[in-house]
Amino acid sequence: MATVPALEKPPVVMPEIPAVQPRKGFRRYWHLYAAISPFYLLFLAFGLIPVGFSLYLSFHRWDGLGSMEWAGLSQYRYLVGDGDFWQSIGTTVVIWALATFPMIFLAMVTAVMLNSAVRFKNAYRVAFFLPNVTSVVAVAIVFGSVFSTNFGLVNALLQAVGLDQVAWLNTPWGIKIAIATLMTWQWTGYNAIIFLAGLQTVPGELYEAARIDGAGPVQIFFRVTLPLLRPTLLFVLVVSTVTGLQSFSEPQVLLQNTANESAFSGGPGHSGRTMVLYFFQQTFDNNDFGYGAAVAWGIFLVVVLFSFINWRLLQRRDEA
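Basis of the calculations
Residues numbered from 1 in each chain as written. Predicted model: local features only at pLDDT ≥ 70, side-chain atom pairs only at ≥ 80, totals over all residues. Heavy atoms only, no water. Patch = residues over 30% accessible without salt bridge, like charges linked within 9 Å, V, L, I, M, F, W, Y side chains within 5 Å. Areas by Shrake-Rupley, 256 points an atom, 1.4 Å probe, with all protein chains shown as cover. Salt bridge = Lys/Arg side-chain N within 4 Å of Asp/Glu carboxyl O. Helix = DSSP H or I, 4+ residues; strand = E, 2+ residues; numbered from the N terminus. Buried < 20%, exposed > 50% of the residue type's maximum accessible area, 1.4 Å probe, protein only. Phe/Tyr/Trp six-rings, centres within 6.5 Å; stacked < 30°, edge-to-face > 60°. Axes fitted to C-alpha atoms, helices over the stretch in contact; angles between N-to-C directions. Left-handed = near helix turned anticlockwise from the far one by under 90°. Nonpolar A, V, L, I, M, F, W, Y, C, P; charged D, E, K, R; others polar. Core = buried A, V, L, I, M, F, W, Y, C linked by side-chain atoms within 4.5 Å. Contact = heavy atoms within 4.5 Å.

## As for a nonpolar patch on the surface
Here comes step 1: Judged by side-chain polarity, Tyr29, Leu32, Tyr33, Ile36, Phe39, Tyr40, Phe43, Leu44, Leu48 and Ile49 come together as a nonpolar surface patch covering roughly 1,000 Å² of accessible area.
Here comes step 2: Following the sequence through the fold, tyrosine 29 ends up in the loop between helix H1 (25–28) and helix H2 (30–57).
Here comes step 3: On the basis of relative accessibility, which here comes to 36%, the residue tyrosine 29 falls in the partly exposed class.

See below:
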């Protein structure tokens, strides 16, 4: 019987589908850019533009109302030789040192105690953090009463132990100690919480191994805890430097009624006039906005310099 050959099926021709052209980046993700645009618009309006304008203003003389007058680098040349500006730098550095180093020590001790506490941990954390969220103006008013010459709590304690009264808010070192004490009280709890977060990242096995080797609590702290807390310590020191060198509200409110001068004078003899107070004095008391902008950029350079020095000192110790 003859075999009938199978008929071949005609090839199926698929219709050509035009390739979809991918949309470009911005057109494709425009809704995502729109979602994050408020932050950048606000940063541009209230951050980048004011900073750029202050730099532009520092090269001009301007009283805030009239026309600007080009001054070139003369504002900065005057700033370098301005004795009052250098005095404000010295005052700021002294207050920063008196406040920062005791504050870091107290914050670290507090963090170690909170880390080892068994009961009421959350209550302790809230209590230590409260000074940081309290109004600086209210705190400064309270500390003004505490350091009052005639009715202050500190002088009452001094008299109770047979010592003489101290005019805290009328003497150069008394003013600096009062401001530094306020800043220490305000920031100790905040930095203690940061140190506590760093302590909780230290593995418990290291402490157990140190105890097995016979290390005591002090040796464990200096040989185990402190080296592992160095990144946290660097962060706290840099942040404390930035905030401490820009102190304004504390001396301004604490000393505004102690001298018959401007609220930005820093008390008797300008003993509490920080760099930021000097900036406000030049800008708003003297209506010299151009020179005030130059002072602001001088403050920026000082803060960057001290932050870099602190960072390098801790980095060298870490490398050693």
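## Topic: the packing of aromatic side chains
Here comes step 1: The full count for this structure, using the stated rule, is 25 aromatic pairs.
Here comes step 2: Residues phenylalanine 59 and tyrosine 76 carry aromatic rings whose centres are separated by 5.6 Å and whose planes lie at 50° to one another, so their mutual orientation is tilted. Residue phenylalanine 59 is found in the loop between H2 and strand E1 (60–61), and its partner tyrosine 76 is found in helix H3 (residues 74–80); the two are separated by 17 residues along the sequence.
Here comes step 3: The rings of Trp62, Phe248, Phe264, Phe279, Phe280, Phe284 and Phe289 are connected pair by pair, giving a single aromatic cluster.

## A look at the packing of helix H4 (residues 83–116) against helix H8 (residues 172–199)
In a pair of packed helices, the angle between the axes and the distance between the axes together describe the arrangement.
Here comes step 1: Here H4 crosses H8 at 35°, and the two axes come no closer than 6 Å. Note on packing geometry: the crossing formed by H4 with H8 is right-handed.
Here comes step 2: Each residue belonging to the contact of H4 with H8 can be placed in one class, and the counts come to 22 nonpolar, six polar and one charged.

## Quick notes on helix H13 (residues 275–285)
Here comes step 1: Burial in H13 covers these residues: Met275, Val276, Leu277, Tyr278, Gln281, Gln282 and Thr283.
Here comes step 2: The first or second residue beyond H13 is asparagine 287, which carries a positive phi of 55°.

## Focus on the nonpolar core
Here comes step 1: Counting 22 residues, the largest nonpolar core has Ile104, Phe195, Tyr207 and Leu233 as its most contacted members.
Here comes step 2: Contributing elements (two or more residues each) for this core: H4, H8, helix H9 (204–212), helix H10 (217–228) and helix H11 (230–244).
Here comes step 3: With six residues, the single largest contributor to this core is H4.
Here comes step 4: Aside from chain neighbours lying at most four places away, what touches isoleucine 104 is Phe195, Leu233, Val236 and Leu237.

## Let's talk about the side chain of threonine 110
Here comes step 1: Here threonine 110 is to be found in helix H4.
Here comes step 2: With relative accessibility at 11%, the residue threonine 110 sits in the buried group.
Here comes step 3: When neighbours within four sequence positions are excluded, threonine 110 is seen to be in contact with Phe128, Thr188 and Ala192.

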